[in-house]
Amino acid sequence: MSSPGRYARVALPLGYKFHSGGLDGLTYTIPDDLLASAVIGTRVSVPLGKRFVTGVLVSITDEAPPDVKKFKPIEDVLDPEPVFDATFLEWTKWIAEYYLTSWGEVLEAALPQGFRPETKAKVTLISPDIAPEAMEMAKRAPKRAEFLLELTKYPNGVFLSHLAKRTNLRGLYAHAQALANDGFIRIDTPSSGGEAKAKFERTVLLPERLYDAGAFAGALVELERAPRQAAALLAVQKHRQLHPDDPLTPAELMHDIKGTFGILTSLKERAFIEFGEREVVAPKRKNQETSHADHIDNVALTSEQQSAVQTVGEALAAGDTTTFLLHGITGSGKTEVYIALARKVLAAGGGVLILVPEISLTPQLIERFERRLGSRDIAVLHSRMSNQERYQSWKHLTEGKASIAIGARSAVFAPVRDLKLIVVDEEHEVTFKQYDSVPRYHARDAAVMRAHMTGAVCILGSATPSLESYYNAEQKKYKLLKLTRRAQDAALPSVEIVDMRIAHPVSKEQEAKRNALSPRLRAAMELRLAKKEGTVLLQNRRGFSTYIACGNCGDAVMCPNCAVTLTYHTVGSRMQCHYCGYMSPKPATCPTCASDRLFTGGIGTQRVEDELTETFQGARIARMDLDTTAKKGAFAKILTAFGNGEADILLGTQMVAKGLDFPRVTLVGVVNADTNLVLPDFRSSERTFQLLSQVSGRAGRKELPGEVLIQTMRPEHYAMRRVIEHDYEGFYQEELPMRRELNYPPFSRLILIEFRGLKEHEVHQAALAFATLMVRTSSFHEMLNPSTPELKKLRNEFRWHIIIKNFKSEDQSGQKMRRLLSGALEKYHERMARSSVKLTVDVDVQGLM
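Residues numbered from 1 in each chain as written. Predicted model: local features only at pLDDT ≥ 70, side-chain atom pairs only at ≥ 80, totals over all residues. Heavy atoms only, no water.

Chemist: Tell me about the state of the cysteines, residues and numbers included.
Modeler: All chains considered together, the criterion is met by zero disulfides. Free of any disulfide, Cys553 has its nearest cysteine sulfur in Cys590, 3.7 Å distant. (Disulfide = S-S within 2.5 Å.)

Chemist: Could you give me a rundown of the nonpolar core, with the residues and numbers involved?
Modeler: Counting 117 residues, the largest nonpolar core has Ile710, Ile753, Phe755, Phe770 and Leu821 as the members making the most contacts within it. Discounting chain neighbours no more than four positions away, the residues touching Phe755 are Val763, Ala766, Ala767, Phe770, Phe798, Arg799, Trp800, Ile802, Tyr828, Val837, Lys838 and Leu839. With 32 residues, the next largest nonpolar core counts Val312, Tyr338, Leu341 and Val457 among its residues. (Core = buried A, V, L, I, M, F, W, Y, C linked by side-chain atoms within 4.5 Å. Buried < 20%, exposed > 50% of the residue type's maximum accessible area, 1.4 Å probe, protein only. Contact = heavy atoms within 4.5 Å.)

Chemist: Pulling in residues and values, what's your account of the sheet that holds strand β22 (residues 574-576)?
Modeler: Spatial strand order, β21-β22-β23: three strands in an open sheet with antiparallel pairing. Strands with a single pairing partner mark the edges of an open sheet, and in this sheet they are β21 (567-569) and β23 (583-585). On average, each strand axis in the sheet is inclined to that of its neighbour by 30 degrees, with strand direction left out of account. Where β22 and β23 come together, three bridges link them in antiparallel fashion. In the strand pairing of β23, Met575 is matched with Ser584. (Pairing = 2+ DSSP bridges. Helix = DSSP H or I, 4+ residues; strand = E, 2+ residues; numbered from the N terminus. Axes fitted to C-alpha atoms, helices over the stretch in contact; angles between N-to-C directions.)

Chemist: Go over the pairing of strand β13 (residues 378-381), please, and point to the residues and values.
Modeler: Along β13, one buried face is formed by Ile378 and Val380 and the opposite face, lined by Ala379 and Leu381, is buried too. Where β13 meets strand β14 (residues 404-407), four bridges bridge the pair, whose relative direction is parallel. By the bridge assignment, Ile378 is partnered in β14 with Ile404. Taken together, β13, helix α14 (residues 387-398) and β14 constitute a β-α-β crossover, and its handedness is right-handed. (Right-handed = clockwise from strand over helix to strand, strands pointing away.)

Chemist: So what's going on with the packing of aromatic side chains? Residues and values would help.
Modeler: Counted according to the given criterion, the structure contains 20 aromatic pairs. Centroid distance Trp94 to Tyr99: 6.3 Å. Interplanar angle 85 degrees. Geometry classified as edge-to-face. The class of Trp94 is buried, set by a relative accessible area of 19%. By relative accessible area, Tyr99 is classed as buried at 2%. Following the ring pairs from residue to residue traces out a cluster consisting of Tyr470, Phe689, Tyr718, Tyr728, Phe731 and Tyr732. One cation-aromatic arrangement involves Lys805 over Tyr744; the distance from NZ or CZ to the ring centre is 4.2 Å. (Phe/Tyr/Trp six-rings, centres within 6.5 Å; stacked < 30°, edge-to-face > 60°. Lys NZ or Arg CZ within 6 Å of the ring centre and 35° of its normal.)

Chemist: An account of helix α7 (residues 213-222) is requested, with residue identities and associated values reported.
Modeler: Of all the residues in α7, the buried ones are Ala213, Phe216, Ala219 and Leu220. The buried residues of α7 all sit within an arc of 120 degrees when viewed along its axis, so they share a single face. For α7, the exposed residues set more than 90 degrees away from the buried face come down to Val221 and Glu222. Elements that come into contact with the buried residues of α7 comprise α8 (227-242) and β23. Its side-chain oxygen at 3.0 Å from the backbone nitrogen of Gly214, Asp212 defines the N-terminal cap of α7. (Arc of directions from axis to C-beta. Polar contact = N/O pair within 3.5 Å; in protein donor to acceptor, adjacent residues only side chain to side chain.)

Chemist: Tell me about empty space enclosed by the protein, and name the residues and values.
Modeler: In this approach a probe as big as a water molecule rolls over the atoms, and the regions it shows empty are the leftover space. As enumerated under the stated definition, the model contains four cavities of 30 Å³ or more in all. Around the largest cavity, the lining residues are Leu538, Gln539, Asn540, Val670, Asn672, Ala673, Thr675, Asn676, Thr688, Leu691 and Leu692. Considering every element that reaches the lining of the largest cavity, the biggest residue donor is helix α21 (residues 684-696), with three residues. Across the lining of the largest cavity, the residue classes tally to five nonpolar, six polar and no charged. (1 Å grid on protein atoms, 1.4 Å probe; cavity = no way out; pocket = protein on both sides within 12 Å on 5 of 7 lines; lining within 4 Å. Points joined across faces, edges and corners; volume = space filled by probe spheres on them. Nonpolar A, V, L, I, M, F, W, Y, C, P; charged D, E, K, R; others polar.)

Chemist: Describe the pattern of salt bridges, naming the residues involved and giving the relevant values.
Modeler: Taken as a whole, this structure holds 35 salt bridges when the rule is applied. Between Glu336 and Arg372 there is a salt bridge; the shortest N-O distance is 2.8 Å. Placement of Glu336 in helix α12 (residues 334-347) and of Arg372 in helix α13 (residues 362-372) is noted, with a sequence separation of 36 residues between them. Overall, the relative accessible area of 7% leaves Arg372 in the buried class. One salt bridge connects Arg623 with Glu609, and the closest N-O pair in it is separated by 2.8 Å. You can see Arg623 sitting in strand β25 (residues 621-624) and its partner Glu609 sitting in helix α19 (residues 605-615), a full 14 residues away along the chain. The pair Arg623 / Glu609 is uniform in exposure class, with both members buried. Here the residues in one salt-bridge network are Arg721, Arg722, Glu725, Asp727 and Glu734, joined through shared partners. (Salt bridge = Lys/Arg side-chain N within 4 Å of Asp/Glu carboxyl O.)

Chemist: Any details on the packing of helix α11 (residues 303-318) against α12? Residues and values, ideally.
Modeler: Where α11 contacts α12, the axes come no closer than 10 Å and their chain directions differ by 35 degrees. Handedness of the α11/α12 crossing: right-handed. Contact with α11, carried on its side by Gln305, Ala308, Val309, Val312, Gly313 and Leu316, involves Glu336, Val337, Ala340, Leu341, Lys344 and Val345 of α12 and no other residues of that element. Considered class by class, the residues forming the contact of α11 with α12 number eight nonpolar, two polar and two charged. (Left-handed = near helix turned anticlockwise from the far one by under 90°.)

Chemist: Explain the pairing of strand β28 (residues 707-712) to me, using residue names and the numbers behind them.
Modeler: Extensive coverage of β28 is indicated by the burial of six of its six residues. Residue alternation in β28 divides its side chains into two sets, Glu707, Leu709 and Gln711 and Val708, Ile710 and Thr712, and both sets are buried. Strand direction decides the pairing type here: strand β18 (residues 494-499) and β28, joined by six bridges, are parallel. Its bridge partner lying in β28, Val495 is registered against Val708.

Chemist: Could you give me a rundown of the sheet that holds strand β6 (residues 122-125), with the residues and numbers involved?
Modeler: The three strands are arranged β7-β6-β8 in an open sheet whose pairing can be described as antiparallel. In the strand order of this sheet, the two ends are held by β7 (158-159) and β8 (185-188), each with one partner. With four bridges connecting them, β6 and β8 associate as antiparallel partners. Among the inter-strand pairings, Lys122 is bridged to a residue of β8, identified as Asp188. Packing of helix α4 (residues 142-151) onto the sheet brings it into contact with β6, β7 and β8, and relative to β6 it is tilted by some 85 degrees. Contacts from helix α6 (residues 172-181) reach β6 and β8, with the element oriented near 125 degrees to β8.

Keep in mind these values describe shape, not function.
If you want it as structure tokens, here you go:
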């Protein structure tokens, strides 16, 4: 029975189809025996249809919503105290509204994956003789007394999940928490410590018969009418290829595909998956150590660094919520500014959050902070950590055992106590945008808003700021700080363009036989090897070659699931799709015409490595790409080896371009600078300039001058010219008028509506149906006609796009656009309720491919 007038709004991790009345959740009643424990910010278990789901209690009211006549009661309260405070809830609601997703999905993303200790909680009576206490308790809390008496049947303890199936009691976890607080029982969960016992978890495996590409393709054909099962099977296969020794658990798989466990049951019944078991090993925290690190506790700051620290320090002292854009050239010491400000905040008892774009940057950054700030505990959060490691970091922050959080994109949700400073390093990086799952937030922009709402200062740092951020600084929305000189007055590297154009036409086969390294670059590398100095090489494509093509018919070997060519990898002599993970052996003949005139085209990191090994015999080469860093700890291992001088050449994809500091590196070579420039994306010039400027900054420190050689087929392009001149301002002034003319960001926010499905005509029809529900143009927006993207098929799904430009001059906050779009989305889901076509909304989309 519920008390009259006690209604709880619960945010659930469900999408538009479940939230016809709004994206902030559903309303439930609070039973009498849960009134004391049902507090705003706690997680609750609630009925939804024939199942129970976990949500977050976000508000309590005495009045029932007028549009609902019947309410279901909350089943259980899962936390003894709130996991989210009022400010955090307000901020996550803003994220949900701005990015057009449900509040519950944002709150689910804010918790570490697998944070469900209540489902595995075991309760044990402290004393078997509790009859007198139970009788006394029955007078004031009869349900709790009934629960206590039920426990007498289990002298060795019982799991709450077992009790839930065998009793009609509601609120088991809430009752258990109250009884534990009164000293009647003990609650043991996987995270509560106690005796070390072996724990096992179930894993999802691909049967060996489906290792064969043909057999796997046949399985997908059988699942054509079960797209969610097909998606799960593809996810299992892709994970096995990337992490063969670390299979997914059912919970991880269901989280990845946003599915239910019934999907796995169906796949198991059809023998398309198998279940395995592995022991859960508790992780140990390891401090990264590299011999080239700076051991000095206090570094003398330059005058520009001192000015930046003073300006931000004044804002911290005044409690201002200013956002600063720290535009510092490469090697100017932005990290020293972060450390100096973090020291100020920590001394005053505050907390610090530092976001980096790549996991590869965390080892060096953590090491520098630990060495410079003493033994203070730092919590690390990123996707390469296990669920248990992330949960422990989360707990350290919530309990105040750690005052600094460092991590990649998802660390923006870190529960830092008394948060006073947020740093977004390399703020221009596209990896800060979540694009492949909900919520599709931008961590940089979410960090700016979090700082504003919590009374913190936010610093966005970059040598090549995004046009949006620099424009915001021009418009006085952010305060601009500049570092124009390198630390210790080190000179910027000299940059030289190497023209790779060919004077006379050649065939594709002849082009494919060209060396990756020009004579100019080879000579420069020979000189560094002789001097025992380091070289960094950037080739932003992994694999051996980007395609295999036929010299007879001209066709390339394509992925059966995606509209892209397969990449050839020499290891295992295999073809692989870097989008869906599909793999097959290297073909002996052309799949189209059966000719044996096959040739490899394009250059990947493996091919460059082979050329380096052949050209510089005896040189020690470290390759850093997704293939070599798939294993846990591989990032740190490669960087440590190179930093210690155990490798002469560091070859890698764009992960070698960002924020790494190795004083012995005097040469940077870019094998192909045109990789991003040829993409059909309005940001291609900006990303080319940023990547080349960033990787150029790896060359030269202190007394060792640096040199950069950039190989390109487009030497006259203005992005190349500005890189040579180290001229960000010049690039910005050339790029901005083109953005203004076409109403692209920073003058508009770009919204992508994507439609995906197994049948192309159904996807096309869904896109057309949505287009009819939207006003094409208004004073504050323009909607482009539905079209197919460059990658029209991806992971066995066809794709159609609708792009909307929301003009900031007429709709600064985007509220008008959200109102218009929300109405169209609600009508679309009502009209297309039975459609299997998936629709996703991506606000401030970063890629249109």
